[in-house]
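Coordinates in review
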Amino acid sequence: MKSLPSEIKLIFLIALLLVVLLVAFTIFVVLMYNRKQLLYLKEQQLKESEYQNQILQKELEKQKVLEQERERISHDMHDDLGAGISALKLQAEFLKQKAQDDDLQSDIDELLKTSEEMNISMREMLWSLNSGNDTLGSFIDYAISYTGNFLKKTKIVLLSECEDITAETSISTEMRRNLFLCLKEAVNNVYKHSHANTLKLSFSQEKNNFSMKISDNGIGISDNQKEGNGLRNMKRRMNELSGECHISSENSGTCLVFKIII
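The rules behind each value
- Residues numbered from 1 in each chain as written.
- Predicted model: local features only at pLDDT ≥ 70, side-chain atom pairs only at ≥ 80, totals over all residues.
- Heavy atoms only, no water.
- Phe/Tyr/Trp six-rings, centres within 6.5 Å; stacked < 30°, edge-to-face > 60°.
- Buried < 20%, exposed > 50% of the residue type's maximum accessible area, 1.4 Å probe, protein only.
- Helix = DSSP H or I, 4+ residues; strand = E, 2+ residues; numbered from the N terminus.
- Polar contact = N/O pair within 3.5 Å; in protein donor to acceptor, adjacent residues only side chain to side chain.
- Contact = heavy atoms within 4.5 Å.

For the structure on display, the rule yields 10 aromatic pairs. Here the aromatic rings of Phe203 and Phe210 are separated by 6.4 Å at their centres, their planes lie at 10°, and the arrangement is stacked. For the pair shown, Phe203 and Phe210 are each scored as buried. Members of the aromatic cluster, connected to one another through ring pairs, are Trp127, Phe139, Tyr142, Tyr146, Phe150, Phe180, Tyr191, Phe203 and Phe210.

This is the structure:
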């Protein structure tokens, strides 16, 4: 009977040891399970990352093919269409020198004017196709150059200013093209309707926010004047770019502001 407490103590210690071993085994199993789950998740993430990289690589390859095709079309247009327009212009100038009839000379002048307009349109198209122009600096340089050439035969003086522009900032072809078409429409409106003698182009950048302002010192737009197709088209183009188009007008002129995130 005296040994009974010792036996109970031994049984208790054995039971306690078994419980400790069971708990340790349970913890080990849980840790191993969590480790396997973690490894499985990492493996799945790695596979997903590899899959996304493959998709990105394919997309980059598609973009490269598209850019090569744009370059090819651009070169073909320059070599074939450009040469054809130049030849047409030379032939028209040659015919004008030989023509005696005033009406015929007038018709030839119209032909020369049309060929020059076609040549300008072709240069604009070549510029928009060239992926090497997909930077903010390239767009601003071309915008100022185009406006200067457009206004050189008028009495309107061109002023320009740039603020905090990072010339190397990338800009998509779609953004570049729509911004240019808005500029083109705005400059044409100044020439046709404003009676201004000064047009100012202002470009500014704050991080990814770019703004282009076109202002003149003309007669402005009256409050009861209806919104024309030109202004509606500009607003539509900016909406397509998730951008903004604002117009303000006073007796001292009109100001158009275009804002986009690039």
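Attention now moves to unusual backbone geometry. One non-glycine residue, Asp164, lies in the positive phi region at around 55°. Looking at the element boundaries, Asp164 is found in the loop between β1 (157-163) and α4 (173-194). Note on Asp164: relative accessible area 57%, which makes it exposed. One non-glycine residue, His195, lies in the positive phi region at around 55°. Topologically, His195 is positioned in the loop between α4 and β2 (198-206). Given a relative accessible area of 66%, His195 falls into the exposed group.

Further remarks concern the side chain of Ser194. On the secondary structure map, Ser194 appears in helix α4. Looking at Ser194, its side chain comes within polar contact range of the main-chain oxygen of Val190, at 2.5 Å. A polar contact is formed between the side chain of Ser194 and the backbone nitrogen of Ala196, at a distance of 3.1 Å. Discounting residues that sit within four places of it in the chain, Ser194 has contacts with Asn189, Asp216, Gly218 and Ile219.

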